[in-house]
Amino acid sequence: MLHTSYIEISKSAYRQNINFIRSQLGHQVLISSVVKGNAYGHGIENIVALAESNGIRHFSTFSADEAKRVFEASKKSSQIMIMGMVSDEVLPWVIEKGIGFYVFEFERLREAIRLARKQGKKARIHVEVETGFHRTGFEWQEREPLLKLLRENEEFLDLRGFCTHYAGAESVANYVRVKTQIKKFTEYKEWFLSQEIRFKTYHTACSAASLSYPETIMDMVRIGIAQYGFWPSQETYMFKFKHLADNMKNPLKRLISWKSQIMSVKKVKMGDFIGYGNSYMASRDMVIALVPVGYCHGFSRNLSNLGKVLIHGKILPVVGTVTMNAISVDITDLDKPKKGDEVVIIGRQKRNEITVASFGESTQQVNYELLTRLPQDIPRRFKA
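The structure presented is a predicted model; accordingly, all values stated were derived computationally and were not measured.

**Remarks on the packing of aromatic side chains**
1) Next: Under the criterion given, the structure shown has 15 aromatic pairs.
2) Next: Each ring, one from Trp140 and one from Tyr188, has its centre 5.1 Å from the other, and the planes form 75°; the classification is edge-to-face. Within this pair, whereas Trp140 is found in the loop between β6 (123-128) and α7 (143-152), its partner Tyr188 is found in helix α8 (residues 175-194), the two being separated by 48 residues in sequence.
3) Next: Residue class for Trp140 comes out partly exposed when judged on its relative accessible area of 24%.
4) Next: Taking the relative accessible area as the measure of exposure, Tyr188 reaches 1% and is therefore buried.
5) Next: Among the aromatic residues, those joined into a ring-pair cluster are Phe162, Phe185, Trp191, Phe192, Phe199 and Tyr202.
6) Next: When the ring centre of Trp191 is taken as reference, the NZ or CZ atom of Arg143 above it lies at 5.2 Å.
7) Next: Sitting above the plane of the Tyr202 ring, Lys189 keeps its charged end 4.6 Å from the centroid.

**Side note on the nonpolar core**
1) Next: Of all hydrophobic cores here, the largest spans 114 residues; its most connected members are Phe101, Leu109 and Ile125.
2) Next: Setting aside chain neighbours within four positions, we find Phe101 in contact with Ile82, Val86, Leu91, Val94, Ile95, Arg108, Ala112, Ala123, Arg124, Ile125 and His126.
3) Next: Judged by nonpolar contacts, the second largest core, of 7 residues, contains Val268, Tyr280, Ile288 and Val319.

**Things to note about the pairing of strand β5 (residues 100-103)**
1) Next: Alternating positions in β5 separate into two faces, Gly100 and Tyr102 on one and Phe101 and Val103 on the other, with burial throughout.
2) Next: The pairing of strand β4 (residues 79-85) with β5 spans 2 bridges and is classified as parallel. Across the sheet, residue Met81 finds its bridge partner in β5, namely Gly100.
3) Next: Each parallel crossover has a hand, and the one from β4 via helix α5 (residues 91-96) to β5 is right-handed.
4) Next: Sheet analysis places β5 next to β6, joined by 3 bridges and oriented parallel. The residue of β6 that forms the bridge with Val103 is Val127.
5) Next: A crossover connection joins β5 to the parallel β6 through helix α6 (residues 106-119); in handedness this β-α-β unit is right-handed.

Criteria and thresholds
Residues numbered from 1 in each chain as written. Predicted model: local features only at pLDDT ≥ 70, side-chain atom pairs only at ≥ 80, totals over all residues. Heavy atoms only, no water. Phe/Tyr/Trp six-rings, centres within 6.5 Å; stacked < 30°, edge-to-face > 60°. Helix = DSSP H or I, 4+ residues; strand = E, 2+ residues; numbered from the N terminus. Buried < 20%, exposed > 50% of the residue type's maximum accessible area, 1.4 Å probe, protein only. Lys NZ or Arg CZ within 6 Å of the ring centre and 35° of its normal. Core = buried A, V, L, I, M, F, W, Y, C linked by side-chain atoms within 4.5 Å. Contact = heavy atoms within 4.5 Å. Pairing = 2+ DSSP bridges. Right-handed = clockwise from strand over helix to strand, strands pointing away.

In structure tokens:
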């Protein structure tokens, strides 16, 4: 094995997730696969190929560099939408390639119009409005000058979308805030329609909103974490639980497994300290496996003396301090462990499993954070 670990991505799990999501949305709703954060750690190129093989033809990124990776990976001329960062120097390429992008401030909109006029090609814009997230979006009091700009430059603009983003749809604590946002978006939409400005798609829902607030499901939904097999939160799952069929109480399947191998095996005497410092002293004569995965690979240093891995199908503890490139695992009770034996960091081995959620709980990281911190240079492999 050239690399110290690798990540497996399940094709069948992805197919099941997309089928479940479609069953919840209806087949007339366009699914935009959100691939920001290196496709939530799964690898943009991998997910583009997998998504397109399952009929997905729209992708959402945060930035232009991610959009470029989607553009180069797509084999189906799928639509691409940038929801965040597009610098002025990159905007000409974005417009030239027909990539959609959010406009949420007049500076970007005016630059898009200028470049579209220069290139003789319409800019595909998604107008984002502020409904209560207070991050990006045109304010209600800006609607009149926005309308004027859109009307005066309609020959240079493809009004591809009208959108907003909800602040915490995954938590019931934000229920009133989200409901207020939904009402505000409806006011924006109706006002622009009354002014005879129509957009090709209206979209507001992420995974959490589409699963918890059916009224947010419009022409398109932006599905991120759910397509990778994770519920946005436990609350989202519990809200949906009672509506799920008895034989389908856990319809989302995780795509990802993370595996390595034993690099070396060493005996340690009782009373000796293992690894850096004195954070762990052997309480008995022990056998230790060194596994070549450390905090530079995304195995947090906070997992020192807390982390778990699977070897021979058994859940075993990490002992000592997690280092940059390696961890030590107590394999004293294994039968004939040896160099090269498979180590599962996330995933299933025989009857046991270490989930992303359980892995993350030990480090106080949410699923999103843990997944996106997996380095891009860890090889990703498909499995059926």
